[in-house]
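Survey of secondary and tertiary structure
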Amino acid sequence: MQDSLVEYGARRVIITITAILCALLEIVDSTIVNVALNEMKGNLGATLSEVGWVITAYAIGNVIVVPMTSWLSQQFGRRNYFAASIIIFTVFSFLCGNATNIWELVFFRLMQGIGGGALLVTSQTIITESYPIEKRSMAQAIYGLGVIIGPTLGPPLGGYIVDNFSWPYIFYINIPIGIAATLMTLQFVRSPKYAEKRKASDVDWLGIALLAITVGSLQYILERGHEEDWFASEWIVLFTVSAVLGFILFIWRELTFKYPIVELRVLKNSNLRIGTIMSFVLGFGLYGSTFIVPLYTQSILGWTALQSGALMIPAALTTAFMMPIIGRLLSKGAKQQILVSLGLFIFFIYSFWGYKILTPDTGKDAFFWMLIVRGAGLGLLFIPITSLSLSTLKGQEIGQGAAFTGMMRQLGGSFGIAAITTFIANASQKYRVNLITHLDETDFAVQQRLQALKGSFMAKGMTPDAAMNAAYKMLDLSVTKQATVLSYMDVFLYLGVIFLICIPFILFVKERKSKEKIDLSGVH
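Because the structure is a prediction, the values reported are computed rather than measured.

On to the environment of Ile506, then. When you line up the elements, Ile506 lands in helix α18 (residues 464-507). For the pair Ile506 and Leu339, spaced 167 residues apart in sequence, the C-alpha to C-alpha distance is 10.0 Å. In this view, Ile506 contacts Ile274, Met278, Gln337, Val340, Ser341 and Leu344; residues no more than four positions away in its chain are not counted.

Set out below in structure tokens:
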């Protein structure tokens, strides 16, 4: 490492601001969309699962690029690559806002994700290297706060924009920030001189292709599986085969090629292996629960986007408050395993709580403490899992390990969202059938309910026939709603159980022999 990248005074402040802006751009953009899904659905005439693609495409782009970032920075020079990423991100943000149908939007989101993937990892490296070694932990804290607050800024900001303007402005808001960040990057960020460029013949093209095929196919299966009835569909079977083959070939290629695009040998380290799996679970729970709460409050409770976004703010503030405390505990020598296990247990409490309070008309106050608990759990998981995975790595391995945990967190999120949407749809069908068997037309209570509904519709001026039809429709709607609520309850319960099952595994992790400080500079 050259020390020449360390900056001082105003220049360092500007670089820090640029890097955090970019990290925020990327993070806010992955969550800001969640709140607007309902609007897009109506506006572009898409189904729920088609709209889910708007989130997935972005994640696919991210997941493909993240493992390659350190290699790409070497190849093109960090400053150029960083600036190019911001430009790609900004241009496609503009195009996303102008999309006329759902598939255009999905394609632009994929490209936006490919630009965005770099922003997170590279901005972290830039911040870390602009500070002298003794101030690095401070740099990480600044960066960590950005990473935690970002996902929470997304929904309320998105909600405000959707309520007061229209959904394309969610994307347009990136444009001025993107332009400013690009200019600041070109002006102030410097490229390190470490690595030599590879000749085109040395580039692991096959590895890049196999990585894209494997991850892309996997994402496709997860997203569309439910729509197309899993293996009944030829496409799903085809993509499953390509994902499995791609994966096997990718591993073979990376272990045999001279300059692999992703260094798999790092995974010999047992702590990194466990940390990688844990990052997957963290992503599953983190993105899964961020996806399910706004969806529930909007579709079942009929809240506005802004209300359901604002609901998440206290939880994020809790996490932000926890971060420095946990950092302090870790540096005082608290055991990472204990912190992570505690975090998992708190997450279990949160999920079980969610399972208990969901009804077709849960009040706003019921969610408050439950989400505060979630915030505390996240704080306990985020830093310890990362430092646990990287604790026994050295030098260049840290960056490669960080890329793995980052990628697995993204993949876990996509798995989580796909599993949850599929599960909700299947379970609510089952519950619906089950509930309908209890509705007997000859049952006195059912007849009373129907007559009451019919009376209220006739009072609004409907003919008796139309009123009776409307009454049946209302009954049908309330059955569907009840069935959906039951399936949301199950999601919370099962998420909790998954977290609970992880606890014993964490307690088996090896202790770090030496007591030296962990350098978190490679974390993202």
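Now that the structure has been shown, the text picks up again.
This structure, assessed with the given rule, holds 1 salt bridge. The partner of Arg432 in a salt bridge is Asp476, with the nearest N and O atoms 2.8 Å apart. With Arg432 in helix α16 (residues 396-438) and Asp476 in helix α18, this pair connects stretches of sequence that are 44 residues apart. For Arg432, a relative accessible area of 21% gives the class partly exposed. Judged by its relative accessible area of 35%, Asp476 is partly exposed.

Ranked by internal contacts, the top residues of the largest apolar core, which has 100 residues, are Met40, Leu105, Leu344 and Phe367. Of all the elements, helix α15 (residues 364-390) adds the most residues to this core, at 11 residues. When near neighbours in sequence (up to four residues on either side) are disregarded, Met40 contacts Val33, Gly45, Val51, Val54, Leu105, Trp167 and Phe171. Core analysis: the next-biggest nonpolar cluster, separate from the first, contains 10 residues, Ile15, Cys22, Leu25 and Leu119 among them.

The subject of this paragraph is helix α17 (residues 444-459). Side chains of residues three or four places apart in an α-helix project in the same direction, reflecting 3.6 residues per turn. Across its 16 residues, α17 extends 22 Å between first and last C-alpha, which sits within 8% of the 22 Å expected from 1.5 Å per residue. For α17, every residue scored as buried is listed here: Val446, Leu450, Leu453, Lys454 and Phe457. Viewed end-on, α17 has its buried residues packed into an arc of 100 degrees, placing them on one side of the element. Of the residues in α17, the exposed ones pointing more than 90 degrees away from the buried face are Phe444, Ala452 and Ala459. Those residues of α17 that are buried lie in contact with α18. A positive phi of about 95 degrees marks Gly461, the residue just after α17.

Contact geometry for helix α11 (residues 270-299) and helix α14 (residues 336-357): axes closest at 13 Å, N-to-C directions at 25 degrees. Judged by the angle between their axes, α11 and α14 are roughly parallel. Seen along the crossing, α11 lies across α14 with a hand that is left-handed. Residues Met278, Gly285, Ser289 and Val293 of α11 form the contact with α14, whose own contacting residues are Val340, Leu344, Phe347 and Tyr350.

Together, Leu206, Phe231, Val237, Val241, Leu245, Leu249 and Trp252 make up an exposed nonpolar region whose accessible area comes to about 680 Å². Here Val237 lies in helix α10 (residues 234-256). Residue Val237 is classed as partly exposed on the basis of its relative accessible area, which comes to 36%.

Quick look at the packing of helix α4 (residues 78-97) against helix α8 (residues 174-188) now. Between α4 and α8, the shortest axis-to-axis distance is 9 Å and the interhelical angle comes to 165 degrees. In this view, α4 runs roughly antiparallel relative to α8, as classed from their interaxial angle. Read as a crossing pair, α4 and α8 show a hand that is left-handed. Two secondary-structure elements touch here, α4 through Arg79, Phe82, Ala83, Ile86, Ile87, Phe89, Thr90, Ser93 and Phe94 and α8 through Asn174, Ile175, Gly178, Ile179, Ala181, Thr182, Thr185 and Leu186. Tallied by class, the residues present in the contact of α4 with α8 amount to 10 nonpolar, 6 polar and 1 charged.

This part covers the packing of aromatic side chains. Inspection of every chain in the model, using the stated rule, returns 15 aromatic pairs. When the ring of Phe92 is compared with that of Phe108, the centres are 6.0 Å apart and the planes differ by 40 degrees; the resulting orientation is tilted. Here Phe92 is found in helix α4, whereas its partner Phe108 is found in helix α5 (residues 102-130), with 16 residues between them in sequence. The same class applies to Phe92 and to Phe108, which are both buried. An aromatic cluster of three or more residues is present, and its members are Phe94, Phe165, Tyr169 and Tyr172. Lying over the aromatic face of Tyr58, Arg109 brings its terminal NZ or CZ to 4.2 Å of the ring centre.

Cut-off values and rules
Residues numbered from 1 in each chain as written. Predicted model: local features only at pLDDT ≥ 70, side-chain atom pairs only at ≥ 80, totals over all residues. Heavy atoms only, no water. Helix = DSSP H or I, 4+ residues; strand = E, 2+ residues; numbered from the N terminus. Contact = heavy atoms within 4.5 Å. Salt bridge = Lys/Arg side-chain N within 4 Å of Asp/Glu carboxyl O. Buried < 20%, exposed > 50% of the residue type's maximum accessible area, 1.4 Å probe, protein only. Core = buried A, V, L, I, M, F, W, Y, C linked by side-chain atoms within 4.5 Å. Expected span 1.5 Å × (residues − 1). Arc of directions from axis to C-beta. Axes fitted to C-alpha atoms, helices over the stretch in contact; angles between N-to-C directions. Parallel < 35°, antiparallel > 145°, perpendicular 65-115°, else oblique. Left-handed = near helix turned anticlockwise from the far one by under 90°. Patch = residues over 30% accessible without salt bridge, like charges linked within 9 Å, V, L, I, M, F, W, Y side chains within 5 Å. Areas by Shrake-Rupley, 256 points an atom, 1.4 Å probe, with all protein chains shown as cover. Nonpolar A, V, L, I, M, F, W, Y, C, P; charged D, E, K, R; others polar. Phe/Tyr/Trp six-rings, centres within 6.5 Å; stacked < 30°, edge-to-face > 60°. Lys NZ or Arg CZ within 6 Å of the ring centre and 35° of its normal.

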